[in-house]
Amino acid sequence: MSLEQIKLCSFILREHFGEVAEKIVNYLLRKGSTSLKPLTTECGFTLDKVKRCLAALIQHGIVTFSQHKAGFVEYFASVDNVLSYLFFPQYINCAKTLFGDESELIIEELLHQGQLTMSGTINRVTQRLAQAESSQDVYGVRDKFVDLIKTQFVKQCPLLTPDSKARSPAFAEDTENPEQAFTVPQVDLAGLVKRKRKISDDENEDHARKKRKLENSAAEKCGDEGIYWTINHARFQQYLRDQAIVTAVSRKVDVRAGEIIACFLRISEMKTASESISTNAITYNEIFQSLPKEMGITRQILDQYLRIIVEDASDFLQKTGDSGGGMFAINFQRAFKHLCQAHVQSVIGEKYGSKCLRVYRLLAMKGHLEQKQIEEMAMIPAKEAKEMLYSLFDEQLVTIKEVPKTPDHAPSRTFYLFGIQLNQVARMLLQKTTKAMLNVCLRRAHETQQHRRLLEKQQRMEAIIASMENLEEEQKTEIEEMVTPAEKAQLSKIKKMTHKLEQCESQLCDTMFVMEMYIKYAHMK
Amino acid sequence: MAAQEIQIKREPMEEAELDNRIIELCSEIPKGITDAVIQNDMPQFSPQERVMAINRLLSTNKVCLLKSGSQLIYKLKDPDVGNKTKGGDTQEQIMYQIIEDAGNKGIWIRDIRTKSNLPMTAVNKLVKSLESKKVIKAVKSVSASKKKVYMLASLEPDRSVTGGAWYSDQDFESEFVEVLNQQCFNYLEQRVKLARESNSEPMTQRNASFASSSDVWKFITELGISKVSLAVEDIETILDTLIYDGKVEKSIVAGGGAADGESQVKLYRAITPVIINTGLMRSPCGVCPVFRECHEAGIVSPSTCLYMKDWLDA
Amino acid sequence: MAGRGRGRGRGLSFNLENLGIGRGESIAGAKLLPPPTFPPLDFHPQPLIPGDEYVVQLKQDFRTAMQESAFFVRPSAKRRDIERYSDKYQIGQTEDLDWDPDWSRLPSELNPKRRRKVRAVVAPKIQMKPAKKIDVKEISAKIKVSSMEASRDAKEDEENEEEEEEKEEEAAPEEEVYEEEELEDDTDYNQTYFDNGENYGADEDDDLEEGPVY
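Residues numbered from 1 in each chain as written. Chains lettered and ligands numbered in written order. Predicted model: local features only at pLDDT ≥ 70, side-chain atom pairs only at ≥ 80, totals over all residues. Heavy atoms only, no water.

- If you check an unreviewed UniProt entry, chain C appears there as DNA-directed RNA polymerase III subunit from Capitella teleta.
- Word for word, the UniProt comment on chain C under Sequence similarities (unreviewed entry) is "Belongs to the eukaryotic RPC7 RNA polymerase subunit family."
- UniProt, in its Subcellular location (unreviewed entry) section for chain C, records the words "Nucleus". (UniProt positions renumbered as here; feature names shortened; annotations may be inferred.)

- As recorded in an unreviewed UniProt entry, chain B goes by the name DNA-directed RNA polymerase III subunit RPC6, listed as coming from Capitella teleta.

Below is the structure:
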């Protein structure tokens, strides 16, 4: 838990849950854990606010609680769960790509609410679809939800234990019954369907009332009360992981090779424990049989592709045996080592130039080298090489190992060997990317703050227009003209800037993701 | 007595014959001859006569005397040498010989001193004098930038001294290397493009994208961008830098049959990196030189950052 | 004067080559100016890769949705005196009390309803509450009228707020078990967020009253 991570956490919380949540979590992180009382006294908010905020944070999995021996309830906060908010847009997009619009809305709702019952989710999603005039009905959404459970993108929240006390509810351990998390509950949706029809009949009823009523009925009639669902973070991470590998193979070999790997990962998913270092071995025949026919890949071509990917220096696929036409496996540790190296190398090439990159890669390939050897092999003049090695050392991208020839460690009789510790480099870059992310976020907040009045003016104007039904074109223009052309230009500039900053945030996520994955797998045995 | 008379009579003629024969022998064996060789060739002459003949030849600068191990060796002297060192004294000649022996690898001035047993000041003076007569030249060695080595002016310095094709004087021709690096890559990249366009099976495509080091060498030679002649090994050194650059991959395969003398063929091919670049480097923070100093509310801060401003305005 | 002769002679007392500075290489000269705060860049950032516009859109939508949700808790009172007008605007759209968590999954101490019940017995102060309850109804009726007027006058949208008021009013009879507490919640809610200025004093009172309790 670095300082940058905590600061970034604060920012994310401020943006998604407000200032109160930011202060509370900061305090919790600083103290490790605490009871309710100090949170109110230390953070300076009313007890009501703190309670409400804690409840919201608990529902979103950011704060957890347990009963202390002394009887009071203590609260904890998790940095990682806050940082995962950075990936939520990608999760939502992933659901859309894999399962379509309904699933996108399901995931979005689950993320908004933190946790929901299945019927509750279906209800919300159906309403949103109705607003968008989509034809999908309650049962269609249910099927999508079931798909998400079966593919484990959505999981059940732990149930309350029978002896749970109201003072501090206790939950069943995840590990006790792993299948439980992905068991589809019996849900009676008849009530929802009726409700929906009634509403479409009764157009006059205002929206808020509708919603309210719907929710009540949902809770009453569907029979899945108390069974809450939330997104399965690990599963989404796994999907992003696989995507990273597929994209890399598509670039390195070609698109069809990427598709083969994607297919490979799909098969292996079901056979591999989610937290293992490498996929189970899969035979050539299995791969061939599960390739989509429209790809038009013959056995011979598949054989060639597999050979090419295995022989490639990128280390994404390994041949592990000969049975079944050849056995193959993907070792995530090795794959992410390669990807991590690629990202590190991009940093060096883009910041220090191609010659520095040459020096770095040379070290990565050959292990430890003396400056003189580096000069010769990389064909770089001594003076330049010295400067490059210094800046790489200064940025903690290379390390120096002293090997004295004599016991006195005299510099003139010592070999200085340069080398690379990828693990350290990855951590450093993760740190750096976290700070960069924070910086970009802060700049975006700064720009918004700078133009707050103008943005509010625009909001007001839009609200007025939206509120006036049967507005005549003339009147509308009149209202729109409240914002002067100069202000309009300014507004579009702000919009452009915000978009650029957010795009950058989203792309910084990629670097963070690869570094995190590498570090995670590097530690596995 | 008669023999003696004959000997005396023959003397002037025989002296000349001996001298010529020694010179002949020396030119037949350029490595130099020992006294034993002369004795074998002309047993009729006494050791004394041989010594006198050698001395005559040495004094007229026709041959020179060298020491090889415990043996003395006679060697023919360059006909010009006589002129070159004319006016010079014996010390200069010794100097010349030491430098000449060093061949095109040259010799360091301190080594001249130990070999000649002359004081350093004298050595310095003599070397200067020979250098000014353009008999010898000083060449800076690439292996130690402050070391000068001396060799005969007529010689082309050895690669170990000049560093090969990549050095002019002792300066490393960085730009030349980079130009070659780029050209080799262009060639390999073109190969990949052609292979892709062939639309053949993946394996055929991949194999077609490989080029051997001699293919690349041929291409570079035909381009005519190099003033010096490059060997295939030179090109391989350049190709290695491309591997370190991460742009090229090497694959070593067994030679292509009996016709190919080489047992191994080095194949190279241009590769696409697995990522375009990393997200961090698309943000201003990635290239920021004051990143470490950057803190909210500091002089360098995200809100006041000029790089960020330029980037946003772009 | 004499002192000058002592100490080191010319140059430096150590061998420069040990520092990696070769003979003949110049040592960097003295710096006479501080470096610029933002030195010119050797390398510029790489262009962003297009194609993730949808993800960016999702990111913005998600954030907006969170900010408008019941989970976004704004600190009360403090800032209102300074930025009253815009605050009213922002808050009008947020903190919709729709969210009714499953209290069985949360520590009971977080449940405001429970607290009130306990307090009502323990702290006599709370007994003032019923009086306020009546207040609230009057006030919310007033607000309803005044906000409707406002919308007519300034052509501004107050519909959301109306809706919510109606909703709150409806909510009470629906959940009879917690009627009292619900209304107390409404008290806080209305006084905090439906401040048209008329009940300004009442709000302050509330703060003063609750202050010492915590």
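## A closer look at the overall build of chain B
Turning to step 1, where the next piece is worked out: When its secondary structure is counted, chain B shows 14 helices and 11 strands.
Turning to step 2, where the next piece is worked out: Summing over all exposed atoms, chain B offers an accessible surface of approximately 17,300 Å²; the carbon and sulfur share of this is 52%. (Helix = DSSP H or I, 4+ residues; strand = E, 2+ residues; numbered from the N terminus. Areas by Shrake-Rupley, 256 points an atom, 1.4 Å probe, with all protein chains shown as cover.)

## Digging into the sheet that holds strand β6 (residues 148-152) of chain B
Residues and elements named next belong to chain B.
Turning to step 1, where the next piece is worked out: The strand order β4-β6-β5 describes an open sheet built from three strands, whose pairing is antiparallel. Edge positions in the open sheet fall to β4 (107-108) and β5 (136-140), since each of these has one partner strand only.
Turning to step 2, where the next piece is worked out: Of the strands in this sheet, β4, β5 and β6 touch helix α5 (residues 90-101), which is tilted by about 100° from β6. (Pairing = 2+ DSSP bridges. Contact = heavy atoms within 4.5 Å. Axes fitted to C-alpha atoms, helices over the stretch in contact; angles between N-to-C directions.)

## So, the domain arrangement of chain B
Turning to step 1, where the next piece is worked out: Examined at the domain level, chain B breaks down into domain 1 (12-76), domain 2 (79-162), domain 3 (171-270) and domain 4 (280-313).
Turning to step 2, where the next piece is worked out: Of note, the centres of domain 1 of chain B and domain 4 of chain B, computed from C-alpha atoms alone, are 83 Å apart. (Domains from an automatic or database assignment.)

## Notes on the side chain of A:His343
Turning to step 1, where the next piece is worked out: Within the fold, A:His343 resides in helix α16 (residues 332-352).
Turning to step 2, where the next piece is worked out: Filtering out sequence-adjacent residues up to four positions away, A:His343 remains in contact with A:Thr511, A:Val514, A:Met515, B:Ile275 and B:Thr278.

## Looking at the packing of aromatic side chains
Aromatic rings in a pair are described by how distant their centres are and how their planes are angled relative to each other.
Turning to step 1, where the next piece is worked out: Throughout the structure, instances matching the rule amount to 17 aromatic pairs over all chains.
Turning to step 2, where the next piece is worked out: Taken together, a centroid distance of 6.5 Å and an interplanar angle of 55° make the contact between A:Phe65 and A:Tyr75 tilted. Taken together, the positions of A:Phe65 in strand β1 (residues 63-67) and A:Tyr75 in strand β2 (residues 73-77) put the pair 10 residues apart, joining distant regions of the chain.
Turning to step 3, where the next piece is worked out: Both rings, one in A:Tyr85 and one in A:Phe88, keep their centres 4.3 Å apart while their planes meet at 40°; by these two values the pair is tilted.
Turning to step 4, where the next piece is worked out: Given the relative accessible area of 6%, A:Tyr85 is considered buried.
Turning to step 5, where the next piece is worked out: On the basis of relative accessibility, which here comes to 6%, the residue A:Phe88 falls in the buried class.
Turning to step 6, where the next piece is worked out: Among the aromatic residues, ring-to-ring pairing joins A:Phe17, A:Tyr85, A:Phe88, A:Tyr91, A:Phe99, A:Phe153, A:Phe236, A:Tyr239 and C:Phe62 into one connected group.
Turning to step 7, where the next piece is worked out: A cation sits over an aromatic face here: A:Lys432 above B:Phe291, 5.5 Å from the ring centre.
Turning to step 8, where the next piece is worked out: Its guanidinium or amino end placed over the ring of B:Trp311, A:Lys500 lies 4.7 Å from that ring's centre, counting from NZ or CZ. (Phe/Tyr/Trp six-rings, centres within 6.5 Å; stacked < 30°, edge-to-face > 60°. Buried < 20%, exposed > 50% of the residue type's maximum accessible area, 1.4 Å probe, protein only. Lys NZ or Arg CZ within 6 Å of the ring centre and 35° of its normal.)

## What about the packing of helix α23 (residues 485-522) of chain A against helix α1 (residues 53-67) of chain C?
Geometrically, a packed helix pair is captured by the angle between its two axes and the distance between the axes.
Turning to step 1, where the next piece is worked out: Packing of α23(A) against α1(C) leaves a shortest axis separation of 9 Å and a crossing angle of 105°. In terms of their interaxial angle, α23(A) and α1(C) are classed as roughly perpendicular. Contacts from A:Thr498, A:His499, A:Glu502, A:Gln503, A:Glu505 and A:Ser506 in α23(A) reach C:Glu53, C:Val55, C:Val56, C:Lys59, C:Gln60 and C:Arg63 in α1(C). (Parallel < 35°, antiparallel > 145°, perpendicular 65-115°, else oblique.)

## Observations regarding the interface of chain B and chain A
Turning to step 1, where the next piece is worked out: Taken together, the contact pairs 54 residues of chain B with 61 residues of chain A.
Turning to step 2, where the next piece is worked out: Between chain B and chain A, the buried area comes to about 4,900 Å², and carbon and sulfur atoms account for 59% of it.
Turning to step 3, where the next piece is worked out: On the surface where chain B and chain A come into contact, there are six salt bridges.
Turning to step 4, where the next piece is worked out: Taken together, the connections running from chain B to chain A amount to 27 residue pairs in polar contact (both at pLDDT 80 or more).
Turning to step 5, where the next piece is worked out: Where the side of chain B that touches chain A is concerned, the elements lending two or more residues are α9 (174-197), α10 (202-209), α12 (232-245), α13 (284-287) and α14 (306-313) of chain B.
Turning to step 6, where the next piece is worked out: Among the elements that take part in the side of chain B that touches chain A, α12(B) stands out by supplying six residues, more than any other. (Buried area = accessible area lost by both parts, 1.4 Å probe. Salt bridge = Lys/Arg side-chain N within 4 Å of Asp/Glu carboxyl O. Polar contact = N/O pair within 3.5 Å; in protein donor to acceptor, adjacent residues only side chain to side chain.)

## A few points about helix α15 (residues 299-311) of chain A
Turning to step 1, where the next piece is worked out: Its 13 residues place the ends of α15(A) 18 Å apart at the C-alpha level, agreeing with the 18 Å of an ideal helix rising 1.5 Å per residue.
Turning to step 2, where the next piece is worked out: Among all positions in α15(A), only A:Ile301, A:Leu302, A:Gln304, A:Tyr305, A:Leu306, A:Ile308 and A:Ile309 are buried.
Turning to step 3, where the next piece is worked out: Turning to α15(A), the residues buried within the fold contact α12 (233-252), α13 (255-271), α14 (284-290) and β8 (327-329) of chain A together with α10 of chain B. (Expected span 1.5 Å × (residues − 1).)

## What to know about the nonpolar core
Turning to step 1, where the next piece is worked out: Counting residues in each nonpolar core, the largest one holds 184 residues, and the members touching the most others are A:Val63, A:Tyr75 and A:Val344.
Turning to step 2, where the next piece is worked out: Here this core takes 13 residues from α23(A), the largest share from any one element.
Turning to step 3, where the next piece is worked out: Those residues in contact with A:Val344, other than ones at most four positions away along the chain, are A:Tyr360, A:Leu397, A:Leu422, A:Val425, A:Leu429 and A:Met515.
Turning to step 4, where the next piece is worked out: In terms of nonpolar packing, the next biggest core, distinct from the first, is built from 23 residues, B:Phe172, B:Cys184, B:Leu188 and B:Leu230 among them. (Core = buried A, V, L, I, M, F, W, Y, C linked by side-chain atoms within 4.5 Å.)

## Quick word on unusual backbone geometry
Turning to step 1, where the next piece is worked out: For A:Asp315, which is not glycine, the phi dihedral falls at a positive 70°.
Turning to step 2, where the next piece is worked out: Considering the arrangement of structural elements, one finds A:Asp315 in the loop between α15 and β7 (318-321).
Turning to step 3, where the next piece is worked out: Judged by its relative accessible area of 25%, A:Asp315 is partly exposed.
Turning to step 4, where the next piece is worked out: For B:Asn117, which is not glycine, the phi torsion reads 65° and is therefore positive.
Turning to step 5, where the next piece is worked out: Counting through the fold element by element, B:Asn117 comes out in the loop between α6 (109-116) and α7 (120-132).

## Remarks on the packing of helix α7 (residues 101-113) of chain A against helix α8 (residues 118-131) of chain A
All names here are of chain A.
Turning to step 1, where the next piece is worked out: Contact geometry for α7 and α8: axes closest at 9 Å, N-to-C directions at 125°. Taken together, the axes of α7 and α8 are oblique relative to one another. The two elements α7 and α8 cross, and the hand of that crossing is right-handed. Residue-level inspection shows Glu102, Leu105, Ile106, Glu108, Glu109, Leu110, His112 and Gln113 of α7 in contact with α8, the latter providing Thr121, Arg124, Val125, Arg128 and Leu129.
Turning to step 2, where the next piece is worked out: Here the residues of the contact of α7 with α8 sort into five nonpolar, three polar and five charged. (Left-handed = near helix turned anticlockwise from the far one by under 90°. Nonpolar A, V, L, I, M, F, W, Y, C, P; charged D, E, K, R; others polar.)

## Quick word on the confidence of the model for chain C
All names here are of chain C.
Turning to step 1, where the next piece is worked out: Across chain C, pLDDT averages 59, with 29% of residues at or above 70.
Turning to step 2, where the next piece is worked out: Within the model, the stretch residues 115-134 combines pLDDT values under 50 with 27 contacts to residues more than four positions away or in other chains.
Turning to step 3, where the next piece is worked out: Across residues 150-214, where pLDDT falls below 50, the model places 114 contacts with residues more than four positions away in sequence or in other chains.
Turning to step 4, where the next piece is worked out: Reported for the predicted complex are a pTM of 0.74 and an ipTM of 0.87. (pLDDT = per-residue confidence, 0-100.)

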